[in-house]
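Residue-level structural notes
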Amino acid sequence: MADRQRRLDFLDFGRRGALAPEPSGRAGVAPRPEPSTENRPAPATALTASPPSPWIGHEAVLPEFVRWLDGEETVGPAGPALVVRRSYPATVRLGRQPLARALDVDGARLRQIGRDDTLAQLDISRLAFIDCETTGLSGGTGTLAFLVGIAWLDGSTVVTEQYFLPDFPAERAFVAAIGQSLDGFDGLVSFNGRSFDVPLLETRFALTKLPSECLELPHLDLLHPSRRIWKHRLETCALGSIEQHVLGHFRDDDVPGWIIPQLFFDYLRSGDVRTLAQVFEHNRLDLLAMVALVGRLGQMLDEEVVPDDGPDLYGLGTLLDDLGEAERALRAYETALTLGLPPDLRSRALIRMAVALRRSGRRDLAAQAWERLARERGDSAARALVELAKHYEHEEHDYETAADLTRQAGLLVGLRPWVTGPDTAQDQLARRLARLERKARRAGQRPMTFTGGSEVSLVEPLAAGP
Amino acid sequence: MPSVPSHRLSVIDLVDQLKRAERGGASVRVFHRPGASAVYGDWPTGPHDLDARILAALRKRGIERPYSHQADAIARILAGRNTVVVTPTASGKTICYNVPVLSAILRDPNARAIYVFPTKALAQDQLAELHGLVEEIGADIKTFTYDGDTPANARRVVRLAGNIVVTNPDMLHTGILPHHTKWHRLFSQLRYVVIDEMHSYRGLFGSHVANVIRRLKRICAYYGSRPCFILCSATIGNPRELAQRLIEDDIEVVDYSGAPTSDKHVVFFNPPVVNRQLGIRAGSLLTARGIAAQLVENDIPTIVFARSRLAVELMLTYLREDARRALKPVESVRGYRGGYLPNERREIERGLRDGTVRTVVSTNALELGIDIGGLDACVIVGYPGTIASTWQQAGRAGRRSGSSLAVIVASSAPLDQYIAHHPEYLLHRSPENGLLNPDNLYVLASHVKCGAFELPFEDGARLGDQPIGDLLGYFGERRLLHHSGQRWYWSADAFPAEEISLRSASTDNIVIVDQTEPAKPVVIGEMDRLGASTMLHDEAIYIHEGQQHEVLRLDWDEHKAYVRRVDVDYYTDAELAVNLEVIDQFADAPLGLLQRAWGEAALTAMATVYKKIKLHTHENVGFGRIRLPEDNLHTSAYWISLPLEVVERFEAPELQEALLGLGHIIANVAPLRLMCDPRDLGVHTQVRAPHTGLPTVYVYDGVPGGIGFAERLFETSDQLIASARELLTECVCESGCPSCVGVTMDPTLDGKSLTLRLLDRAREAEGSSRG
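Predicted model only: the values in this text are computed from it and were never measured. (Residues numbered from 1 in each chain as written. Chains lettered and ligands numbered in written order. Predicted model: local features only at pLDDT ≥ 70, side-chain atom pairs only at ≥ 80, totals over all residues.)

**Overview of the overall build of chain A**
How we decide: The way it works is that DSSP assigns letters per residue, a run of H or I at least four long becomes a helix, a run of E at least two long becomes a strand, and they are numbered from the N terminus. Any pair of residues counts as being in contact when their C-beta atoms, constructed from backbone geometry, are within 7 Å of one another.
Each helix and strand counted, chain A has 17 helices and 9 strands in total. Long-range pairs, those at least 24 residues apart, make up 64% of the contacts in chain A with a sequence separation of at least 6.

In structure tokens form, the structure reads like this:
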């Protein structure tokens, strides 16, 4: 009887592991430099069936870690851990964006950016920017963080600390050191950390049986406001994309995110930390990009920087709308329309303008916005006509014009009053029309006739308007 | 219509009417099982007595005293023993676990329990019952379902606060165990694990579930809990063995029922022979339709079980015609099977309970314990393949009072004919054993990956009772695991549970899109890929809820089939071409003058052509080609080959017939020997096998990697041949029929006697060698 390993081969099992590479000669990762130091631990012989594999304790990796990554040892609550510390003068720019601008973002602005009241009392220099490099994106107990970057603003410098997990058994010391570092802060800043980094770290804290209060600190996730503003222009709102297209910073030689887990697994087998140099750099740049991004968001809310791009300005308008800053939102929409918007955003901007105007009681101006939208003759024209009809019905008491507008809306949606079914848009229109005709008759206005023509005439009835 | 009720026939009248069919040449055997009254026990007292609030709540529901089996089971469970309860449908088995679980939670509000049901539908059904009971008790006991339909925002609450989490094995596998840190409160306080419908955990599914339970126990141990397992099952032959294999622990068995049973008539209906020479009987589907139509006409609540999805849809079409003719609402006849969307199914279940649906045509999907209320009659089209399934299906008919009727209509299939001739086999023999093999390498290795993802394995660790050092090393080599500090850690950018389906080899179903109105495409169902290759190929007529749809295009890569409603007078039936290659031979031995062996085999299956078959007359009116990629199966196989000295005694065309006959009869007998569903096995014949160069008949295991059938057949070959010979000689046909050796392709040859000659070669030398 065949042994089980051979039978697994026969079952074609090895190839079923999604990303399981071939046992030897894997291509596609950066070539590894030759071992250069005598002290380096022997590479784990991963290819033998039952590897003896002593784990890569941090004592073993420390000399290399110091030599190649300029790292150091730090003593954490659960034993020694490995960390790389850097500091950058805040006067540095990332692309066009000075890092120092983040220092001017006060609690009020933090609260607005995060739409979270717990941020209002916070001081930006008491916040930890955090970003994890992980062994995958799928979550669950088998996905772990092997590099956790923490950054903060200290006077006129930006300090970064990157905690590194040299091998699985060191995880408890690694996690404890991260917890200790975070405990000194009042809040967290991340990019998508609410749904990714924090839940993942929660799992790691739980598995290493360490308290995780630090993960429950007030949390400013920059993903959501960024998406609000830039999603209309950018294909993806990943941090890298914003860094490039908003902050104007282009990375040289950046390592693509999807390859990072494999680089860590390669390091585990070779023990060569140089494999990961690019990952450390990538992580530091992500931290700096977040610092820069907070500054940029602050500038936009302070109207210190006005986007020169219609879609961005429209996005900013929607953010201001959410924050209840109606006047500034209206200004943003108006400017966005002037700068130019693609047709669908144009309609959406006009709808938002009209709604905001009506809500603030400027009904005539709202009607003007609906009228502009009706003239666009886009997908929203019917809605605009109905809103205008409401305006004529309730504000102007001009039932005839209101009925006329409703009829035009009917033509746009294909209304045939005698064939409508229940609860369709057509049916609602038909009921509205019937009501208006009744009101018009009662008010002694012109008797109504159905003037179904082939061409929708938006202009005449509006000319009689305000 | 006031006069109609007086003309209605009762169940008893219909039994008499069925008997009269004997004049038309049918063979009808009627068995009467009188009802039995209840045997009661007492609620346990002493150290493990029950909370008075539970007893009060049960009293409000009319339950004063437990049936004897309930009292017995509850006492054992309260004493902390793992217990399996084996009772027929509707004997109140949920009381057996709800009472001790709720009692434990009333005593300790932190206590938790997991209920596992094989399907989401059953979970929903049980949750409703549980909610009712909890409400009566009036305590703050939180019960939730947790499955693929649980909204994301509700999941957190379930994880943190649920006293009882009702779920299914698949969700445990992909949604709970790999995220166990989020469930730490559940796992650290877990008292009970309830596994209902245990009999459905057989074969491949059961082998997977046994490993999910191994993983569950591993996680519980990590959090310091050791739950008591409560299993419930419909009647099966080996409840203790199956339960022990599932939970790998000692278990106590309660296998009697104190519940009352209804008066029941069981009718075995064998349709008349229409062609004695070919041994052909009238079709079971049309015969059953006639019987079911009478039940529809007489307004008797009925369930019709058909064996395939296609048969369900045909039967539904026919019975709706009959309902229309009898002036009954067409909507009172409904279909029910896999492939219908969940809310469609819920609606049908509700209709059955409230009486707006009078007749339901189902695959075995309704065999399990979904509460559809009491029906009066059950028509089973074709023997369901196992004794256990037959009783589960027949148990669907039967209220507490009055008589009920179960009719089993035999098809020409050999097993059916065997049952029709020997009803006592079904009536007296104990039901099948549930076989599973948690150590199937394919299955075990899959769960080693999942287990490593959940928690690292120590050197020398086991999964359940299986040593897995070699598998850990294997995955280490393939870089899925990393070894350091005497442990194996998951080290791949992947989520293994998601790639491993507990139910079949393939996870990607084909979605069926109705494009009758091109502007408004509607998703009407889904189907697994193997099913799709024969039912959703281009130009197939796919029948859904009785409505014919023509398949416009099957997009294999996008997993979509586009269909439109049509009204045509034919249906389509596709053929599957199978090829088999032996990879490795594990053992061989003589079988009389023949040879037997077993080993690992690679199969490829490909849908090739389809036929258009006219409705009602079932005549062939056309065919077409199917162009789809082939499907692969790596499994274990048993085979019999014919050495040259045997081959020489047959003419070439004779040999072909004998070989096909042998394959046919072995396919019919093997499920009886193995006590498995015929669909779990496949048979393939080769006139010249590439492996041996000899004529060969293979029986292969339908499960990737096999669950032990091939080895078992190899070991019991003599009995296999003896049973085959018995079936052959007992068959009433002249020269071979579908019930024994299959239809002879060459009418000048006698396939029956040729196969008999071959079977005797397999016995002859055995006799001489012994003698």
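Text resumes after the structure shown.
**Regarding the overall build of chain B**
For clarity, the cut-off: Put simply, the radius of gyration uses C-alpha atoms, and a globule should come to 2.2 Å times the residue count raised to 0.38. Residue burial here comes from a neighbour count, namely the number of other C-beta atoms, placed from the backbone, that lie within 10 Å of the residue's own C-beta, with 20 or more meaning buried, 12 or fewer meaning exposed, and in between meaning partly exposed.
In terms of regular secondary structure, chain B is built from 26 helices and 32 strands. Taking 2.2 N^0.38 as the reference for a compact globule, 771 residues should give roughly 28 Å; the C-alpha atoms of chain B span a radius of gyration of 27 Å, in line with that estimate. Projected onto its principal axes, the C-alpha coordinates of chain B cover approximately 80 × 80 × 70 Å. Burial analysis of chain B (771 residues in total) assigns 53% to the buried set. Long-range pairs, those at least 24 residues apart, make up 71% of the contacts in chain B between residues at least 6 apart in sequence.

**Observations regarding the sheet that holds strand β20 (residues 481-484) of chain B**
All names here are of chain B. Defined as follows: A strand pair is defined by DSSP finding two or more bridges across the two strands. Whenever a helix is involved, its axis is fitted only over the stretch in contact; in every case the axis is a line through C-alpha atoms, and angles between N-to-C directions fall within 0 to 180 degrees.
Read from one edge to the other, the open sheet built from 3 strands follows the order β17-β21-β20, with strand pairing classed as antiparallel. Each edge of the sheet is formed by a strand with only one pairing partner; in this case those strands are β17 (457-458) and β20. Note that β20 and strand β21 (residues 487-490) share 4 bridges and pair antiparallel. The residue bridging H483 from the neighbouring strand is W488, located in β21. Together, β17, β20 and β21 form the strand contacts of helix α19 (residues 469-477), whose direction differs from that of β20 by roughly 110°.

**Focus on the domain arrangement of chain B**
Counted only if it meets this: Each domain's extent is set by a domain assignment, obtained either automatically or from a database.
Domain parsing of chain B yields domain 1 (4-32 + 262-428), domain 2 (46-254), domain 3 (441-499), domain 4 (510-568) and domain 5 (575-770). Put simply, the parts of the chain that give the side of domain 1 of chain B that touches domain 2 of chain B at least two residues each are α14 (342-354) and α15 (387-394) of chain B.

**A short note on the pairing of strand β13 (residues 333-336) of chain B**
All names here are of chain B. Here β13 shows no split at all, with V333 and G335 on one side and R334 and Y336 on the other all buried. Bridging between β13 and strand β14 (residues 359-362) involves 4 bridges; their strand directions are parallel. Counterpart to R334 in the pairing with β14 is V360.

**Describing the sheet that holds strand β6 (residues 145-154) of chain A**
All names here are of chain A. The 7 strands lie next to each other as β1-β2-β7-β6-β5-β8-β9, forming an open sheet whose pairing is mixed. Because the sheet does not close on itself, it has two edges, and the strands there are β1 (72-76) and β9 (219-221). On average, each strand axis in the sheet is tilted by 30° relative to the strand beside it, whichever way the strands run.

**Some thoughts on the domain arrangement of chain A**
Often, the extent of an interface is quoted as the loss of accessible area upon association of its parts. All names here are of chain A. Here is the rule: Only Asp, Glu, Lys and Arg are considered charged, only Ala, Val, Leu, Ile, Met, Phe, Trp, Tyr, Cys and Pro nonpolar, and every remaining residue, Gly among them, polar.
The domain boundaries assigned to chain A delineate domain 1 (58-301), domain 2 (306-373) and domain 3 (380-466). Computed over C-alpha atoms, the centres of domain 1 and domain 2 are 35 Å apart. Looking at the side of domain 1 that touches domain 2, the element that brings in the most residues is helix α6 (residues 223-230), giving 4 residues. The residue makeup of the side of domain 1 that touches domain 2, split by class, is 4 nonpolar, 2 polar and 4 charged.

**Describing helix α18 (residues 441-454) of chain B**
To be explicit about the condition: For a helix, the expected span equals 1.5 Å multiplied by the number of residues minus one.
Compared with an ideal rise of 1.5 Å per residue, which puts 14 residues at 20 Å, α18 of chain B spans 20 Å between its outermost C-alpha atoms and is within 8% of the ideal. Burial within α18 of chain B is extensive, with 14 of its 14 residues counted as buried.

**Overview of unusual backbone geometry**
What is expected of a backbone is that most residues other than glycine have negative phi and most peptide bonds are trans. Its identity is not glycine, yet H397 of chain A carries a phi of approximately 55°, on the positive side. By the secondary structure assignment, H397 of chain A is in the loop between α14 (381-396) and α15 (399-413). Even without glycine at this site, E248 of chain B takes up a positive phi of about 50°. Relative to the helices and strands, E248 of chain B resides in the loop between α11 (239-247) and β8 (252-254).

**Some points on the packing of helix α11 (residues 326-339) of chain A against helix α12 (residues 343-359) of chain A**
Packed helix pairs are characterised by how far apart their axes lie and by the angle those axes make with each other. Residue and element names in this part refer to chain A. Applied cut-off: Relative orientations are named as follows: roughly parallel for angles under 35 degrees, roughly antiparallel for angles over 145 degrees, roughly perpendicular for angles from 65 to 115 degrees, and oblique for any other angle. Should the near helix be turned counterclockwise from the far one by less than a right angle, the crossing is left-handed, whereas a clockwise turn marks it as right-handed.
Interaxial distance between α11 and α12 falls to 10 Å at its minimum, and their mutual angle equals 150°. Taken as axis vectors, α11 and α12 run roughly antiparallel relative to one another. When the axes of α11 and α12 are compared, the crossing they make is left-handed. Contacts between α11 and α12 involve A326, A329, L330, Y333, A336 and L337 from the first element and R346, A349, R352, M353 and A356 from the second. Looking at side-chain class alone, the contact of α11 with α12 contains 9 nonpolar, no polar and 2 charged residues.

**Side note on the environment of A440 of chain A**
Residues and elements named next belong to chain A. Topologically, A440 is positioned in helix α16 (residues 425-442). According to the C-beta neighbour criterion, A440 is buried, with 21 such atoms within 10 Å. Counting along the chain gives 40 residues from A440 to E400, while the straight-line C-alpha distance between them is 5.8 Å.

**Regarding the environment of Q262 of chain A**
Residue and element names in this part refer to chain A. One can find Q262 in helix α8 (residues 260-270). The class for Q262 is buried, based on 21 C-beta atoms found within 10 Å. Distance from Q262 to T135, taken between C-alpha atoms, is 7.6 Å for residues 127 residues apart in sequence.

**Brief notes about the confidence of the model for chain A**
Residue and element names in this part refer to chain A. The condition is simple: On a scale of 0 to 100, pLDDT captures the predictor's confidence in every residue.
Residue-level pLDDT values for chain A average 83, and 82% of them are 70 or greater. Across residues 13-52 the pLDDT falls below 50, and counting only partners more than four positions away or on other chains, this stretch makes 63 contacts in the model. The model gives residues 447-466 a pLDDT under 50, and that stretch makes 19 contacts with residues more than four places away or in other chains.

**Topic: helix α10 (residues 203-223) of chain B**
What sets the pattern is the α-helix's 3.6 residues per turn: residues three or four places apart point alike. Compared with the 30 Å implied by 1.5 Å per residue over 21 residues, the 31 Å span of α10 of chain B between its first and last C-alpha is a close match. Counting buried residues along α10 of chain B, 16 of its 21 residues qualify, which places the element largely inside the surrounding structure.

**Points about the environment of N440 of chain B**
Looking at the element boundaries, N440 of chain B is found in the loop between α17 (423-428) and α18. Here N440 of chain B is in contact with S207, G705, G706 and I707 of chain B, once residues within four sequence places are set aside.

**Concerning the nonpolar core**
What counts, and what does not: Here a nonpolar core is just a set of buried residues of the types Ala, Val, Leu, Ile, Met, Phe, Trp, Tyr and Cys, joined wherever their C-beta atoms sit within 7 Å.
In terms of nonpolar packing, the biggest core is built from 182 residues, with M315, V379, V381 and I666 of chain B touching the most fellow members. The greatest single-element share of this core, amounting to 10 residues, is contributed by helix α23 (residues 652-674) of chain B. Once you skip the residues sitting within four places of it in the chain, I666 of chain B turns out to touch V683, V697, V699, L720 and A724 of chain B. Counting 127 residues, the second largest nonpolar core, distinct from the first, contains I56, L200, I260 and A440 of chain A.

**Quick word on the pairing of strand β8 (residues 187-190) of chain A**
Residue and element names in this part refer to chain A. Here is the rule we go by: Think of it like this: strands point away, you trace from the first strand over the helix to the second, and a clockwise trace means the crossover is right-handed.
Burial of the side chains of β8 extends over both faces: G187 and V189 are buried on one face and L188 and S190 on the other. As defined by bridge partners, β8 adjoins β9 across 3 bridges and the pair is classed as parallel. When the bridges of β9 are listed, S190 appears paired with D221. Running through helix α5 (residues 197-207), the crossover from β8 to the neighbouring parallel element β9 is right-handed.

**Describing the packing of α10 of chain B against α18 of chain B**
Residues and elements named next belong to chain B. Contact geometry for α10 and α18: axes closest at 10 Å, N-to-C directions at 25°. Here α18 runs roughly parallel to α10, going by the angle between their axes. Remark: the crossing between α10 and α18 carries right-handed chirality. Between α10 and α18, the contacting residues are S207, H208, N211, R214, R215, R218 and I219 on the first element and V443, L444, H447, C450, G451 and E454 on the second. For the contact of α10 with α18, a count of residues per class yields 4 nonpolar, 5 polar and 4 charged.

**A word on the confidence of the model for chain B**
All names here are of chain B. Predicted confidence across chain B gives a mean pLDDT of 86, with 91% of residues reaching 70 or more. Overall, residues 1-6 carries pLDDT values under 50, and its contacts beyond four positions in sequence, including any with other chains, amount to 0 contacts. Taken together, the stretch residues 766-771 has pLDDT below 50 and engages in 2 contacts with residues farther than four places along the chain or on a different chain. Taken together, the chains of this predicted complex give a pTM of 0.78 and an interface ipTM of 0.80.

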